[in-house]
Amino acid sequence: MATLITGPQGQLTQAEVEVLLVLDDDTGQYVAYCPALELSSYGDTEAEAEAAFEEALQFFIQDTAERGTLDRLLLSLGWRLVKKPTPVYEPPRLSVEVLNRPARSRRILTEQVLLPA
C-alpha cells in the first residue's frame, strides 16, 4: 500500500509506494511498475530495474512538486486525501487482476522517498 504523509502546513513530506517487479518473458528484462502512480522503469536485472525506478520516482516527485501539480495528479489517479487525524493521501489499491497475472518472477517492493518541502 502506498501512502503520502503531509507536514503541519499540508506540504507533502514523505511517500511510500508499492512497486510490482516482474520479469517480462518476451524481452527477458525486469519491469518495475507502480500502478498507484502509473510510473514504471526497467532493467536487465532486478537491481537495475529497482534502481531505475527509484530514479524515476525521484524525478516524478521533484517535477510535479516544482510544477505544483502533485496534489491534482494524485487525485486524478484515484488517490484520496484523508485529513483525520493527520493529512494522508491514500492510493487506489492494486487490483487482484494485476496481482494474479502469470509471471515467472514477481515481487512487490516498497519504496520510500522524502519529498521536497
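Residues numbered from 1 in each chain as written. Predicted model: local features only at pLDDT ≥ 70, side-chain atom pairs only at ≥ 80, totals over all residues. Heavy atoms only, no water.

Concerning the pairing of strand 4 (residues 39–43)
By the alternation rule, side chains of strand 4 split into Leu39, Ser41 and Gly43, which are all buried, and Ser40 and Tyr42, of which none is buried. Where strand 3 (residues 30–34) and strand 4 come together, five bridges link them in antiparallel fashion. Bridge pairing links alanine 32 to serine 41 in strand 4. Between the antiparallel neighbours strand 3 and strand 4 lie four residues, among them glutamate 38 with a positive phi of about 50°. (Buried < 20%, exposed > 50% of the residue type's maximum accessible area, 1.4 Å probe, protein only. Helix = DSSP H or I, 4+ residues; strand = E, 2+ residues; numbered from the N terminus. Pairing = 2+ DSSP bridges.)

Considerations on unusual backbone geometry
Positive phi is not limited to glycine here, since glutamate 38 has a value of about 50°. Looking at the secondary structure, you find glutamate 38 in the loop between strand 3 and strand 4. Relative accessible area serves as the criterion here: at 59%, glutamate 38 is assigned to the exposed category.

A closer look at helix 1 (residues 46–67)
For helix 1, built from 22 residues, the straight-helix expectation of 32 Å at 1.5 Å per residue is met to within 8% by its first-to-last C-alpha distance of 31 Å. Of the positions making up helix 1, those classed as buried are Ala49, Phe53, Leu57, Phe60, Ile61 and Thr64. In a view along the axis of helix 1, the buried residues occupy a sector of 105°, so they form one face of it. Among the exposed residues of helix 1, those pointing more than 90 degrees away from its buried face are Ala47, Glu55, Phe59 and Glu66. Phi turns positive one or two residues past the end of helix 1, at glycine 68, with a value near 75°. (Expected span 1.5 Å × (residues − 1). Arc of directions from axis to C-beta.)

As for the pattern of salt bridges
Summed over all chains, the structure comprises one salt bridge. Here aspartate 63 makes a salt bridge to arginine 67, at a shortest N to O gap of 3.0 Å. Of the two residues, aspartate 63 and arginine 67 are both situated in helix 1; the distance of four residues between them amounts to about one turn of the helix. (Salt bridge = Lys/Arg side-chain N within 4 Å of Asp/Glu carboxyl O.)

Focus on the confidence of the model for the chain
Interpreting fine coordinate detail is not advised for predicted regions of low pLDDT. Model confidence for the chain is summarised by a mean pLDDT of 75, while 60% of its residues fall at 70 or above. Considering each helix and strand of the chain separately, the mean pLDDT is smallest for helix 3 (residues 96–100), with a value of 57, and largest for strand 4, with 93. (pLDDT = per-residue confidence, 0-100.)

Here's the deal with the nonpolar core
Counting 19 residues, the largest nonpolar core has Val17, Cys34, Leu37, Phe53, Leu57 and Trp79 as its most contacted members. Contributing elements (two or more residues each) for this core: strand 2 (12–23), strand 3, helix 1 and helix 2 (70–76). The element best represented in this core is helix 1, accounting for five residues. (Core = buried A, V, L, I, M, F, W, Y, C linked by side-chain atoms within 4.5 Å.)

Observations concerning the side chain of serine 41
Within the secondary structure, serine 41 sits in strand 4. Separated by 3.1 Å, the side chain of serine 41 and the backbone oxygen of alanine 49 make a polar contact. Other than its neighbours up to four places away in sequence, serine 41 contacts Tyr30, Val31, Ala32, Ala49, Ala52 and Phe53. (Polar contact = N/O pair within 3.5 Å; in protein donor to acceptor, adjacent residues only side chain to side chain. Contact = heavy atoms within 4.5 Å.)

A closer look at the environment of aspartate 24
Among the secondary structure elements, aspartate 24 is positioned in the loop between strand 2 and strand 3. By relative accessible area, aspartate 24 is classed as partly exposed at 28%. Along the chain, aspartate 24 and tyrosine 42 lie 18 residues apart, while their C-alpha atoms are 9.6 Å from each other. Dropping the residues within four chain positions of it, aspartate 24 is found in contact with Gln29 and Val31.

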